[in-house]
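Each chain, written out:
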Amino acid sequence: MLSRAGIAPPEGFEAPPTSKPFSRTPKFVPAPPDQPIKTVGLFTSPWVSGSRACGYAGPQHVTVFLRDDRRAATEAKRVVQWKRALARLRSKMRDKARSVGCNAIVGLETWIDLWATDAKGRPGTRLAASGTGAKLEPLEWDSNDWPPRPIRRVDA
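Residues numbered from 1 in each chain as written. Predicted model: local features only at pLDDT ≥ 70, side-chain atom pairs only at ≥ 80, totals over all residues. Heavy atoms only, no water.

1. Looking at the overall build of the chain
Short version of the rule: Secondary structure elements follow DSSP: runs of H or I of four or more residues count as helices, runs of E of two or more count as strands, with numbering from the N terminus. Only protein chains enter the accessibility calculation, which uses a 1.4 Å probe; a residue whose area is less than 20% of its type maximum is buried, one above 50% is exposed, and one in between is partly exposed. In this analysis, two residues are considered to be in contact whenever any of their non-hydrogen atoms come within 4.5 Å of each other. To measure how exposed things are, a 1.4 Å probe is used in the Shrake-Rupley method; for residues, cover is taken only from the protein chains shown.
For the chain, the helix and strand inventory stands at 1 helix and 4 strands. Its helices and strands in sequence order give the chain the pattern β-β-α-β-β, from N to C terminus. Relative to its 156 residues, the chain shows a buried fraction of 26%. Sequence-distant contacts, at least 24 apart, represent 73% of the contacts inside the chain between residues at least 6 apart. Here the chain displays about 11900 Å² of accessible surface, and carbon together with sulfur accounts for 56% of that area.

Below, the structure is given as structure tokens:
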């Protein structure tokens, strides 16, 4: 039997079993507790090239409040405060993703509320981030197939 390319497979060749069709909303499978998630990617795009989402954990949202500090009147001190606040925001988002078993946040949006107040009514700036938690896995391509289609890795 000839393949789509018109070349017969070698003698004794067995085609790999076909995977289940891709679902638009795959079920979320959290990481096993014995395999902790070390790195979490933050992506502004809802799609990450070279990967497919094997599950979603829904929207994730974190905030950081940066209190107005009159003592930090110099521009250099303000820049340091902002860098620390942004680093804290990213760290909180990664921790939130790990807590629900995700290795990525896709569709990340960040925004700033310049006239926010904290619980005690003190003025400041609120930094917020929101995105969808996703479990991404790399794509593998069958070089004998055209057009290319992803192959699901089967771990034995």
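What follows picks up the thread again.
2. Section: the state of the cysteines
Here is the rule we go by: Only a pair of cysteine sulfur atoms within 2.5 Å counts as a disulfide in this structure description.
Scanning all chains against the criterion turns up 0 disulfides. Of the cysteine sulfurs around Cys-54, a residue in no disulfide, the closest is that of Cys-102, at 9.4 Å. The class of Cys-102 is buried, set by a relative accessible area of 0%.

3. A few points about helix 1 (residues 75-99)
Short version of the rule: Here, expected helix span is obtained from the residue count minus one, scaled by 1.5 Å.
With 25 residues, helix 1 ought to run about 36 Å at 1.5 Å a step, and its terminal C-alpha atoms sit 36 Å apart, in line with that. Elements that come into contact with the buried residues of helix 1 comprise strand 1 (41-42), strand 2 (51-67), strand 3 (104-117) and strand 4 (123-138). Positive backbone phi, at 85°, marks Gly-101, one or two positions downstream of helix 1.

4. With respect to a nonpolar patch on the surface
Definition in use: What goes into a patch is any residue over 30% in relative accessible area without a salt bridge, connected to like charges within 9 Å or, for nonpolar side chains (Val, Leu, Ile, Met, Phe, Trp, Tyr), within 5 Å. Put simply, a salt bridge is a Lys or Arg side-chain nitrogen that is within 4 Å of an Asp or Glu carboxyl oxygen.
On the surface, Ile-112, Leu-114 and Trp-115 cluster together into a nonpolar patch covering about 400 Å² of accessible area. If you trace the backbone, Leu-114 turns up in strand 3. Assessed through its relative accessible area of 45%, Leu-114 is described here as partly exposed.

5. A word on the pattern of salt bridges
A complete count under the given rule lists 3 salt bridges for this structure. Its salt-bridge partner being Glu-137, residue Arg-52 comes within 2.8 Å of it at the nearest N-O pair. Of this pair, Arg-52 sits in strand 2 while Glu-137 sits in strand 4, and the two are 85 residues apart along the sequence. For Glu-137, a relative accessible area of 22% corresponds to the partly exposed category. In this structure, Asp-118 engages Arg-122 in a salt bridge whose closest nitrogen and oxygen atoms are separated by 2.9 Å. On the basis of relative accessibility, which here comes to 15%, the residue Asp-118 falls in the buried class. For Arg-122, a relative accessible area of 32% corresponds to the partly exposed category.

6. Structural notes on the nonpolar core
Side chains of nonpolar character tend, in soluble globular proteins, to be buried together. Let me state the cut-off plainly: For this analysis, a nonpolar core means a set of buried residues of the types Ala, Val, Leu, Ile, Met, Phe, Trp, Tyr and Cys, connected via side-chain atoms within 4.5 Å.
Core analysis: the largest hydrophobic core is formed by 14 residues, its most contacted members being Leu-89, Met-93 and Ala-129. For this core, the leading source of residues is helix 1, giving 4 residues. By size, the runner-up hydrophobic cluster in this structure holds 6 residues, among which are Val-48, Val-106, Ala-134 and Leu-136.

7. Re the side chain of Arg-52
Operational definition: In protein, a polar contact means a hydrogen-donor-capable atom and an acceptor-capable atom, both N or O and within 3.5 Å, with residues adjacent in sequence counting only if both atoms are side-chain atoms; elsewhere, any N or O pair within 3.5 Å suffices.
The exposure class of Arg-52 is buried, given its relative accessible area of 16%. A polar atom in the side chain of Arg-52 sits 2.8 Å from the side chain of Glu-137.

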